[in-house]
Amino acid sequence: MHPMRVVGVRVELPANQPVVLLREEDGVRYLPIWIGAAEASAIAFQQQGVQAVRPLTHDLMRDIVTALGTRLEAVHITEMRDDVYYAELRFTGGVTVSARPSDAIALALRCDVEILGTDAVLEAGGIEIPDEQEDELEKFREFLDTISPEDFAADG
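What this report covers is the structure whose coordinates are included nearby. Note that the structure is a prediction, hence the values are computed from the model and not measured. (Residues numbered from 1 in each chain as written. Predicted model: local features only at pLDDT ≥ 70, side-chain atom pairs only at ≥ 80, totals over all residues. Heavy atoms only, no water.)

A word on the sheet that holds strand β5 (residues 84-91). Spatial strand order, β6-β5-β4-β7-β1-β2-β3-β8: 8 strands in an open sheet with mixed pairing. Edge positions in the sheet fall to β6 (96-99) and β8 (127-128), since each of these pairs with one other strand and no more. Summarising the sheet, strand β2 (residues 17-24) and strand β3 (residues 29-34) pair through 5 bridges and their orientation is antiparallel. Looking at β3, one finds that valine 19 is bridged to tryptophan 34. (Pairing = 2+ DSSP bridges. Helix = DSSP H or I, 4+ residues; strand = E, 2+ residues; numbered from the N terminus.)

Structural data, given as structure tokens:
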């Protein structure tokens, strides 16, 4: 298992599809995972420190876990099948719950727990970014600094 860090979220053009980008902490690979707009907003809100007046879904999930006297210990991104990623929420007492990676990541950020990716996931979907492409990555980071959660709202 490899510790992963959330680099950020963005909208992939021209399809207008949100993507969360994770980076392997003990290596050089990045893992892009295409996600839904609501989950992109949830991740962006948490990264930007935005507090809603009432709990959003992932805040509610965190509060329920706490109220039940358990604790989320880690999030594992376990596999990719047919271009779909799978994740597990790992709770105290050995309890494991299957989850979409987007929800798992949003909850991990709120619970301040480690996100781990398997070798198989990183081999299947990981992208190595050579040093000469670091400039492009820096541009991506700058882009992430300029977006807001509202950028992920569905056009209606």
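Now for the nonpolar core. If you look at the biggest cluster of nonpolar residues, it comprises 30 residues, and the most contacted ones within it are Val20, Leu22 and Ile77. For this core, the secondary-structure elements that each account for two or more residues are β1 (2-12), β2, β3, α1 (37-48), β4 (72-81), β5, α3 (101-111) and α4 (119-125). Looking at this core element by element, the count peaks at 5 residues for α3. Non-local contacts of leucine 22, meaning those with residues more than four positions away in its chain, are made with Met4, Arg5, Val6, Val7, Arg29, Tyr30, Leu31, Ile33, Ile77 and Ile105. (Core = buried A, V, L, I, M, F, W, Y, C linked by side-chain atoms within 4.5 Å. Buried < 20%, exposed > 50% of the residue type's maximum accessible area, 1.4 Å probe, protein only. Contact = heavy atoms within 4.5 Å.)

Most of α3 sits inside the fold, with 9 of its 11 residues counted as buried. Restricting attention to buried positions, one finds in α3 the residues Pro101, Ser102, Asp103, Ala104, Ile105, Ala106, Leu107, Ala108 and Arg110. Downstream of α3 by a residue or two, aspartate 112 has a phi angle that is positive, lying close to 55°.

To continue, consider the pattern of salt bridges. Pairing between side chains becomes possible if they bear opposite charge and their charged atoms approach one another. Summed over the entire model, instances satisfying the criterion amount to 9 salt bridges. One salt bridge connects glutamate 88 with arginine 90, and the closest N-O pair in it is separated by 2.7 Å. Given a relative accessible area of 23%, glutamate 88 falls into the partly exposed group. A network of salt bridges, in which partner residues are shared, links Asp59, Arg62, Asp63 and Arg110. (Salt bridge = Lys/Arg side-chain N within 4 Å of Asp/Glu carboxyl O.)

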